[in-house]
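A closer look at the structure
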There are 2 protein chains.
Amino acid sequence: MNRNGGIMSENKIYKPKPVSGFVEWLPEYRAVELQWMDKIRAVFERYGFCNIETPSVEEVDALLAKGGETEKEIYTLTRLQADEHDKDSRLALHFDLTVPMARYVAQHFNDLVFPFKRYQMQRSWRGERPQKGRYREFYQCDIDVVNVDGLPLHFDAELPAVMFEAYQALDIPPVEMHISNRKIVVGYLQGLGVKDVPFVTRELDKLDKIGAEKVAEILAGHLGDAALAGKCIAIAQIKDRDFAAQVRALGVQNDLLEEGLGELSFVMDNLKHLPQGAAIADLGIIRGLDYYTGTVLEVRFQGKSISIGGGGRYDNLAGSFINQKLPGIGVSIGLTRLFAMLLDEGHIKPAAKCPTDVLVVLPDEGRRAEAAATAHALRRRGFNVELYHNATKVKKQLSYAEKKGIPYVWFPPFEEDRPHEVKNMNTGEQTQADPSAWKI
Amino acid sequence: MNRNGGIMSENKIYKPKPVSGFVEWLPEYRAVELQWMDKIRAVFERYGFCNIETPSVEEVDALLAKGGETEKEIYTLTRLQADEHDKDSRLALHFDLTVPMARYVAQHFNDLVFPFKRYQMQRSWRGERPQKGRYREFYQCDIDVVNVDGLPLHFDAELPAVMFEAYQALDIPPVEMHISNRKIVVGYLQGLGVKDVPFVTRELDKLDKIGAEKVAEILAGHLGDAALAGKCIAIAQIKDRDFAAQVRALGVQNDLLEEGLGELSFVMDNLKHLPQGAAIADLGIIRGLDYYTGTVLEVRFQGKSISIGGGGRYDNLAGSFINQKLPGIGVSIGLTRLFAMLLDEGHIKPAAKCPTDVLVVLPDEGRRAEAAATAHALRRRGFNVELYHNATKVKKQLSYAEKKGIPYVWFPPFEEDRPHEVKNMNTGEQTQADPSAWKI
């Protein structure tokens, strides 16, 4: 590579193209994503959650400790020119933020104060086949509370409230939270005398996707009892305020069921301050992940069925890392998925192409110092300011501001002892102004 | 995995340990790192730089287009259970933010406005042997300006100014920027009639590390001329304001040299608004990367030699991606390295363990709704607020605030019609307060 050749060393042009499943945005859309992240973070902090970041990488053994179906999607790392040293450890990119959080809590157990309330906004990676709405690299915004031994029900109501506020902070269509408690469905099925509860819950989870008729058919086949299958489906179709009365009308007695009803009632009671329709008791919410043990929730756009976030309570997520019982509850916003979906549907209005409030015109090279001083004075007062880079025609400088969406253009005096002027690019209005007093 | 077993499925405990070269911080230090990133970002935006994020992953061919010595440090991705589909593309983690930026500019060329001023604050990965001060995963904060065909000298002065302001925004020991221009040293060596200029510049780059005597010996050996070697070294030892006069006193005539002197003078003139000693002309600054062609700079703590940031101008970094001449200038803050170094030296004062301003006491379960309403009222007024999760003894609730470093504890009335009180945890003072009017 020679000094002047840059990276054109062999004059080969590698024509870049998007890599399937990995997204990037133009500056005017990235600015919106960044605003979203700022707003979500502010809500998380307003409830006292602290931020952590874990490495992108975990040991494969840590990622596999959880088990499950993610194994085949894990990306492992190999150095391009690997040597014998590389066999020592197997490293892989995390596929969610929950396993790294559990590992973090276990590893730093003695340095954390419990209940440990953390938020984490990082990318995760999954090597799945790319398809619409699926990404190989994606941001998630997670909050979790983890405690030692027992975790107060308080948090089962707090986390949905935080979650709702976070969505509300964004300029997106209104959302609704569908909330249930696993104990209700599991207790009910136990009370009914169903033997294979996990099988039935897994099928009930498909109600939205394949419909009640199809699920009834599968359950009837598996249980050998069409009436029982119907009763199983009945619980998952219960919704709304009087959910407890509706459940009790089904006439099943079970302690776990009663516990679940009590918990869900507490949660719904403590979400009453939210707007009408924000939180809906919905016993059809199962959530696929087997480790949920109590409250489960899913966030959807009002009246739509696609999930844009969710979470739930787990009894002991860090149990494979430490000999402590660490129950927790967590919720997650699938940021990249949500953003890409709304972008695709035309819901995201692009921001300006740069954060600049004011472009200071460079009248001529001889007045560079004065123009620079004006720019510095405005910056000191908190404005985002560019000084134009060339003493070229004013028309060209204005055109730069226009193309980048810069709302104000500042004219320092072209001669000594003349006033400053500022032009509002939206209205076209141009007025005298003082850099030490001007306000937008 | 059973429902209640969480991830303890087989009761195996995987004891987590830090992975060498990958760092993570406790919440009280992560909070400081996050403040740093906010401050750096604010400075970058104050000069009108827009943010972009590129995927963590590029095609290996894109990363290798640049050539150089990073090849063996590149981490490639392989799915844990790879299949024939995986052979289609070779993906790898980026090792810096410059190559991805060049690829981004080439790929989105028609959608960007030039000069394109972007900042990027992301992690990069290098599979090097871990050692003190070296990380396999690290944050960099980069700003670059890229233009089509020519890039005004304006930016050679602007970028060091932005860089300095970014460091100044952090609570760290004072820094100084050492600035040179490659054209000076290269032009001077050409004027001296040196044949192997790249060899000599590479050796001059080692002056700080191995000393003038050793470099003189190597150069004398290579050039076969001890006097010439001495002249080569003389230029790299020139510092300070009158650098141009000092260079001219060496009596070498060369056009490129003159161009470099003019450019460096322009840069130094336009940095005069910075504090005394912030910017130092230092012809000993070479910067290893071969693609720099003009201005080069390095940031150091005052009076120290270790580099904590730097950058320079390059003629054509995106040339391997697109058939356009795209000169640029960029500077980079090695955030993780800087943070870890100052943490290690005890310079980083931990923040509180959570962002909470106020802990609202839960007097008893029967007054949960009132306590929650108090917390919401304070949150609406912009405070970060936790409601204690249990109606346990007040002493225990206070102890939670103390352990987490929460500065205020709020007592909603324990009975109807009594006043609210708030306790300042630093002074111990407790006073009556109104949640709709209270200020910190």
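Above: the structure in question.
Residues numbered from 1 in each chain as written. Chains lettered and ligands numbered in written order. Predicted model: local features only at pLDDT ≥ 70, side-chain atom pairs only at ≥ 80, totals over all residues.

A word on the packing of helix α5 (residues 182-192) of chain B against helix α11 (residues 255-269) of chain B
All names here are of chain B. Axis separation between α5 and α11 bottoms out at 7 Å; the angle between their running directions is 160°. Between α5 and α11, the crossing angle belongs to the class labelled roughly antiparallel. The handedness of the crossing between α5 and α11 is left-handed. Contacts from Lys183, Ile184, Val186, Gly187, Tyr188, Gln190 and Gly191 of α5 reach α11 at Asp255, Leu256, Leu257, Glu259, Gly260, Leu261, Glu263 and Leu264. Split by residue class, the contact of α5 with α11 holds seven nonpolar, four polar and four charged. (Axes fitted to C-alpha atoms, helices over the stretch in contact; angles between N-to-C directions. Helix = DSSP H or I, 4+ residues; strand = E, 2+ residues; numbered from the N terminus. Parallel < 35°, antiparallel > 145°, perpendicular 65-115°, else oblique. Left-handed = near helix turned anticlockwise from the far one by under 90°. Contact = placed C-beta atoms within 7 Å. Nonpolar A, V, L, I, M, F, W, Y, C, P; charged D, E, K, R; others polar.)

Overview of the interface of chain B and chain A
Each partner contributes to the interface: chain B provides 95 residues, whereas chain A provides 95 residues. Examining the composition of the side of chain B that touches chain A, we find that six residues originate from one element, helix α1 (residues 27-46) of chain B, more than from any other. Here the residues of the side of chain B that touches chain A sort into 40 nonpolar, 29 polar and 26 charged. Summarising the sheet, strand β3 (residues 75-79) of chain A and strand β3 (residues 75-79) of chain B pair through five bridges and their orientation is antiparallel. Considered in β3 of chain B, the bridge of Tyr75 of chain A is made with Arg79 of chain B. (Pairing = 2+ DSSP bridges.)

A few points about the sheet that holds strand β9 (residues 292-301) of chain B
Residue and element names in this part refer to chain B. Reading across from one edge, β1-β5-β6-β11-β10-β9-β7-β8 is the order of the eight strands in this open sheet, with mixed pairing throughout. In this open sheet, the two edge strands, each paired with only one partner strand, are β1 (50-51) and β8 (279-281). Looking at chain direction, strand β7 (residues 175-181) and β8 are connected through three bridges and run parallel. Looking across to β8, one finds that Met177 is bridged to Ala279.

Some points on the pairing of β7 of chain B
Residue and element names in this part refer to chain B. Counting buried positions along β7 yields seven of seven residues, so the element is predominantly enclosed. Of the two faces of β7, the one carrying Val175, Met177, Ile179 and Asn181 and the one carrying Glu176, His178 and Ser180 are both buried. Where β7 meets β9, seven bridges bridge the pair, whose relative direction is antiparallel. Considered in β9, the bridge of Val175 is made with Phe301. (Buried ≥ 20, exposed ≤ 12 C-beta atoms within 10 Å, placed from the backbone.)

Some words on the sheet that holds strand β1 (residues 50-51) of chain A
Residue and element names in this part refer to chain A. Overall, mixed pairing links the eight strands, which are arranged β1-β5-β6-β11-β10-β9-β7-β8 in an open sheet. The open sheet is flanked by β1 and β8 (279-281), the only strands paired with a single partner. Both strand β6 (residues 137-146) and strand β11 (residues 328-333) contribute to a ladder of six bridges, which runs antiparallel. Note that in β11 the partner of Cys141 across the bridge is Ile333. Those strands touched by helix α4 (residues 154-169) are β6, β7 (175-181), β8, β9 (292-301), β10 (307-314) and β11, and its axis lies near 10° from that of β11. In this fold helix α11 (residues 255-269) packs onto β7, β8 and β9, with an angle of close to 155° to the strand it touches most, β7.

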